[in-house]
Amino acid sequence: MSRLIDVENLTLQFDTDEGRITAVDDVSFSLEAGEVMGLVGESGSGKSVTAKSLMKLNAGNAIYGERTKITLHLKGGPIDVMGLKSARDMQVVRGGAISMIFQEPMASFAPAISIGNQMVEQLQIHTDMSKKKAREVSIEMLDRVGISDASKRFSQYAFELSGGMRQRAMIAMALSTKPKLLIADEPTTALDVTIQAQVIDLMKDLVAEFGMGIIFITHDLGVIAQTADKVAVMYLGRIVEQGPVRDVIRSPAHPYTKGLLAALPHLDDLDAPLIPVPGDIPSPLERPTGCVFNTRCSVAIEGRCQRELPRFTQIDATHRVACHLFTKESVSA
Amino acid sequence: MTETPLISTKGLSVHYPLRGTLIGPKPVVRAVENVSIDIAPGSFFGLVGESGSGKTTFGRALLRAAPITRGDVTYDDGEVRYDLPKLEGRELKEYRSRAQLIFQDPYAALSPRMTVRDIIAEPLEVMGLTNSREETDERVREIAAKCRLNLEHLRRFPHAFSGGQRQRISIARALVSRPRFVVADESVAALDVSIQADVLNLLKSIQQEMGLTFLFISHDLSVVAHICDNVAVMYLGRLMETAPTRELFSAPRHPYTQALLSAIPSLDPEDRRGGQKLLGEIPSPTNPPPGCKFQTRCPFAQDRCRKEEPELAHIGKGHNVSCHRWEELAAEKVLA
């Protein structure tokens, strides 16, 4: 495997009327080609803005931290994403090396342009294909993602397709430019479980076939368990725990990760009580000091967690957690 | 069950007319067709199925918010007994205070221009259930406390609240008229898992405290498994299977139920089994397949299934299934 992307110290703030708010705080991760990383957390935890930062797709009032460094390793050499300024320069990354699938497939297609024309348009922007060739490639991709009668679907509009079909078309479109990295932002949340299972299977097949990296954003740990190789759990813009998916789901370390797992209904034990994570995620305007999770944490250490930001502790070579309950001494003991 | 059911439907159908041709019979969409269920008082009755299966329409028909085309529906809470299709005028208004609805999207269901107090008080005012403002305030405070909303919350507007808090406001509004029967339509689908557990626990505790009966509509089988006593599975407007929750999850008899169960993503990263994945999508209700409605996606469909629609058969312990081949499949242990 070869390194695909390195994200170091990603910090992102937004200037709003109510003041400057921190959406992402010192997030670092990396991804290899052919690897699937899950990004999990509640609404408001900063998953989507983190992913969008990789293409600098956030709104105009976004301010990136000075130490933020995002390096995309492409065949032609590394690209410093933060250094790209004009929209023209960004084309290499946006839709070129990185494609994105959004949550709401209805809202992400233009309603008055046929699916096919939208696919052809982006192929013409990002590749030097002729219109005829782009059309062939698009129909082939539609067929590849399991849309029957692809040449007929090609000239249809988004409203003529069912939810599952639209999401398949979205995937076909995102993959037709052969991106190195695919960002999937809650791609199955709006779908029925049966269709979700189909889409997950499709994405697994495509990773195997195209060998791209995927960042899979979701709040559903079951979906993560089924798709991801590694996972990062986010809360209020910080990664609180990250590691291989087996380790994080089987032996979660951070109280927040444990909380998310305890809140899930388990089919094999119907009598187990559902234990919610107490309270609500705080408003970004009232960001807690110290550990960001201290206001909802049932095992917070009085005085310490409110004041002191926990650093990452390695539980083993690949699994790490940011919590005061874990120190170098307690882990090795 | 010897107890009188709170809600009992016999052959309930809801049809919507389509724009037809001038000659011949007018085409209709059979959104709900021939559904018979009993909901025992004080129970949590789950209704599951994919989008387009008719769950919401069925729930609304029980509230007289969708037209009942055919069939009997009775409501009997011990004090009053209503024949729902025939209800009108004052009695219908009276029924509305006894049967309420909690919506799916807590962001769309609350008026942004009303304070939380006014939102919760509105049903009381509309139905004229209280005689004075003091009494209204009293009722609002009482139900708000049950839903863990404090006095400070009542003065604010919905935009100041998170999804979970908004859903608690919706619940308070539905319960303020002291209903006996509540339809919760995908009430936790829009919430994060951490908050979802909180709202489910709240519904359960309120149900026990107030002796409510719930029809809990959801596409999420794991949520239904946790909260419901009985479950009905719908597909294209038809009932596929009904059973007590434990029975349904330990011995599903209908291939569709089995497929829904195996589609739930397992939390075990080692268990990335293919399972029995359902292919294709739910057909359009304007053009349903002949015979068994599930035959187009059923891996076990035979000629008979393509011609003849199965009847709902009673197979014991409150378990009913609508499949020609359930006995064979159970004997061959194809469905685990």
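Everything in this summary refers to the structure shown in the same document. These numbers come from a predicted model, not from an experiment.

1. Describing the overall build of chain A
A count of helices and strands for chain A gives 13 helices and 13 strands. In summary, chain A has a C-alpha radius of gyration of 21 Å against a globular reference of 20 Å for 333 residues, a match within 12%. Counting only C-alpha atoms and orienting by the principal axes, one finds that chain A spans roughly 65 × 50 × 45 Å. When burial is assessed residue by residue, chain A has 53% of its 333 residues classed as buried. Counted over contacts in chain A with a minimum sequence separation of 6, partners at least 24 positions apart contribute 64%. Put simply, chain A shows about 14,400 Å² of open surface, and 51% of that area lies on carbon and sulfur atoms. Side chains of chain A give 35 positive and 40 negative charges; the mean places of these two sets differ by 5 Å.

2. Quick look at the environment of Glu186 of chain A
In this fold, Glu186 of chain A is placed in the loop between strand 8 (181–185) and helix 8 (193–210). The residues contacting Glu186 of chain A, other than those within four sequence positions of it, are Lys47, Gln103, Ile217, Thr218 and His219 of chain A.

3. Considerations on the nonpolar core
Of all hydrophobic cores here, the largest spans 69 residues; its most connected members are Ile120, Ile171 and Phe216 of chain B. Considering every element that reaches this core, the biggest residue donor is helix 7 (residues 193–210) of chain B, with 7 residues. In this structure Phe216 of chain B touches Phe44, Phe45, Gly46, Leu47, Ala184, Val188, Leu200, Leu203, Val223, Val224, Ile227 and Cys228 of chain B, once residues within four positions along its chain are discounted. Core analysis: the second largest hydrophobic core is formed by 64 residues, Val145, Met165, Ile200 and Ala225 of chain A among them.

4. Regarding helix 8 of chain A
Residue and element names in this part refer to chain A. Over its 18 residues, helix 8 runs 25 Å from end to end, which matches the ideal 26 Å to within 8%, given 1.5 Å per residue. Taken residue by residue, helix 8 has Val193, Thr194, Ile195, Gln196, Ala197, Gln198, Val199, Ile200, Leu202, Met203, Leu206 and Val207 as its buried positions. Backbone geometry just after helix 8 places Gly211 at a positive phi near 65°.

5. Some remarks on the environment of Lys26 of chain B
As for its position among the elements, Lys26 of chain B is in the loop between strand 1 (7–17) and strand 2 (28–35). Lys26 of chain B sits 274 residues away from Phe300 of chain B along the chain, and the two C-alpha atoms are 34 Å apart.

6. What to know about the pairing of strand 11 (residues 238–244) of chain A
Across a regular strand the side chains alternate sides, sitting on one face of the sheet and then on the other. Residues and elements named next belong to chain A. Within strand 11, 6 of the 7 residues are buried, leaving the element largely enclosed by the surrounding structure. Pairing of strand 10 (residues 230–235) with strand 11 involves 6 bridges; the strand directions are antiparallel. When the bridges of strand 11 are listed, Lys230 appears paired with Pro244. Connecting strand 10 to the next strand, strand 11, in antiparallel fashion are 2 residues, including Leu236 with a positive phi near 45°. Strand direction decides the pairing type here: strand 11 and strand 13 (residues 320–322), joined by 2 bridges, are antiparallel. By the bridge assignment for strand 13, Glu241 is matched with Val321.

7. With respect to the pattern of salt bridges
Tallied over the entire structure, the rule returns 39 salt bridges over all chains. Close ionic contact of Glu42 of chain A with Arg296 of chain A constitutes a salt bridge, the shortest N to O distance being 2.9 Å. With Glu42 of chain A in the loop between strand 3 (36–40) and helix 1 (47–53) and Arg296 of chain A in the loop between helix 11 (255–262) and helix 12 (304–307), this pair connects stretches of sequence that are 254 residues apart. The network of salt bridges with common partners includes Asp77, Glu79, Glu94, Arg98 and Arg180 of chain B.

8. Notes on the sheet that holds strand 12 (residues 313–314) of chain B
All names here are of chain B. Across the sheet, which stays open at both edges, the 8 strands sit in the order 7-8-9-4-10-11-13-12 with mixed pairing between neighbours. Of all the strands in the sheet, just strand 7 (99–102) and strand 12 have a single pairing partner and so form its edges. Pairing of strand 12 with strand 13 (residues 320–321), which is carried by 2 bridges, proceeds in the antiparallel orientation. By the bridge assignment for strand 13, Ala313 is matched with Val321. The sheet contacts of helix 10 (residues 255–262) involve strand 10 (230–235) and strand 11 (238–244), and relative to strand 10 the element is tilted by about 100°.

9. Here we look at the interface of chain A and chain B
Counting from both sides, the interface comprises 46 residues of chain A and, opposite them, 39 residues of chain B. Of all residues in chain A, Gln226, Leu267 and Leu270 of chain A give up the largest surface area on contact with chain B, accounting jointly for 17% of the area buried on that side. For Arg250 of chain A, the salt bridge is made with Asp268 of chain B, and the minimal N-O distance between the two is 2.9 Å. Taken together, the links from chain A to chain B amount to 13 residue pairs in polar contact (both at pLDDT 80 or more). Where the side of chain A that touches chain B is concerned, the elements lending two or more residues are helix 7 (163–176), helix 8, helix 9 (221–227), helix 10 (245–250) and helix 11 of chain A.

10. Let's talk about the side chain of Arg168 of chain B
Residues and elements named next belong to chain B. Turning to its location among the elements, Arg168 is positioned in helix 6 (residues 163–175). At 3.1 Å, the side chain of Arg168 forms a polar contact with the backbone oxygen of Cys147. A distance of 3.4 Å separates a polar atom in the side chain of Arg168 from a polar atom in the side chain of Asp198. The residues touching Arg168, leaving out its near neighbours within four places in the chain, are Cys147, Arg148, Leu149, Asp198 and Leu202.

11. Notes on the packing of helix 3 (residues 116–127) of chain B against helix 6 of chain B
In a pair of packed helices, the angle between the axes and the distance between the axes together describe the arrangement. All names here are of chain B. Across the interface, helix 3 lies against helix 6 with an axial gap of 7 Å and an inter-helix angle of 30°. Taken together, helix 3 and helix 6 sit at an angle that is classed as roughly parallel. Handedness of the crossing formed by helix 3 with helix 6: right-handed. Between helix 3, through Val116, Ile119, Ile120 and Pro123, and helix 6, the contact on the second element is made entirely by Ile169, Ala172 and Arg173. Tallied by class, residues from the contact of helix 3 with helix 6 come to 6 nonpolar, no polar and 1 charged.

12. A closer look at helix 7 of chain A
Residue and element names in this part refer to chain A. End to end, helix 7 covers 20 Å across 14 residues, agreeing with the expected 20 Å (1.5 Å per residue, within 8%). Among the 14 residues that make up helix 7, 13 are buried, leaving the element largely enclosed by the rest of the structure. Where helix 7 ends, the next residue or the one after it, Lys178, has phi of about 55°, a positive value.

13. Examining the sheet that holds strand 11 of chain A
All names here are of chain A. With mixed pairing, the 8 strands of this open sheet are ordered in space as 7-8-9-3-10-11-13-12. Both edges of this open sheet fall to strand 7 (98–101) and strand 12 (312–314), since each of them pairs with a single strand only. If you compare each strand with its neighbour and ignore which way they point, the axes differ by 20° on average. In terms of strand pairing, strand 8 meets strand 9 (residues 213–218) through 5 bridges, oriented parallel. Across the sheet, residue Ile183 finds its bridge partner in strand 9, namely Ile215. Against the sheet, helix 8 makes contact with strand 3, strand 8 and strand 9, and its axis sits at roughly 160° relative to strand 9, the strand it touches most.

14. Quick notes on the packing of aromatic side chains
One pass over the structure, following the stated rule, counts 12 aromatic pairs over all chains. Both rings, one in Tyr157 of chain A and one in Phe159 of chain A, keep their centres 6.5 Å apart while their planes meet at 15°; by these two values the pair is stacked. When the centroid spacing of 5.1 Å and the interplanar angle of 75° are considered together, the rings of Tyr75 of chain B and Tyr95 of chain B count as edge-to-face. Linking Tyr75 of chain B in strand 5 (residues 70–76) with Tyr95 of chain B in helix 2 (residues 89–98), this pair joins segments that are 20 residues apart in sequence. You'll find Tyr75 of chain B and Tyr95 of chain B in the same group, each marked buried. Taken together, the ring pairs in this structure connect Tyr235, Tyr256 and Phe293 of chain A into an aromatic cluster.

What counts, and at which threshold
- Residues numbered from 1 in each chain as written.
- Chains lettered and ligands numbered in written order.
- Predicted model: local features only at pLDDT ≥ 70, side-chain atom pairs only at ≥ 80, totals over all residues.
- Heavy atoms only, no water.
- Helix = DSSP H or I, 4+ residues; strand = E, 2+ residues; numbered from the N terminus.
- Rg over C-alpha atoms; globule rule 2.2 N^0.38 Å.
- Buried < 20%, exposed > 50% of the residue type's maximum accessible area, 1.4 Å probe, protein only.
- Contact = heavy atoms within 4.5 Å.
- Areas by Shrake-Rupley, 256 points an atom, 1.4 Å probe, with all protein chains shown as cover.
- Lys, Arg positive; Asp, Glu negative; His and termini not counted.
- Charge placed at Lys NZ, Arg CZ, Asp CG, Glu CD.
- Core = buried A, V, L, I, M, F, W, Y, C linked by side-chain atoms within 4.5 Å.
- Expected span 1.5 Å × (residues − 1).
- Pairing = 2+ DSSP bridges.
- Salt bridge = Lys/Arg side-chain N within 4 Å of Asp/Glu carboxyl O.
- Axes fitted to C-alpha atoms, helices over the stretch in contact; angles between N-to-C directions.
- Buried area = accessible area lost by both parts, 1.4 Å probe.
- Polar contact = N/O pair within 3.5 Å; in protein donor to acceptor, adjacent residues only side chain to side chain.
- Parallel < 35°, antiparallel > 145°, perpendicular 65-115°, else oblique.
- Left-handed = near helix turned anticlockwise from the far one by under 90°.
- Nonpolar A, V, L, I, M, F, W, Y, C, P; charged D, E, K, R; others polar.
- Phe/Tyr/Trp six-rings, centres within 6.5 Å; stacked < 30°, edge-to-face > 60°.

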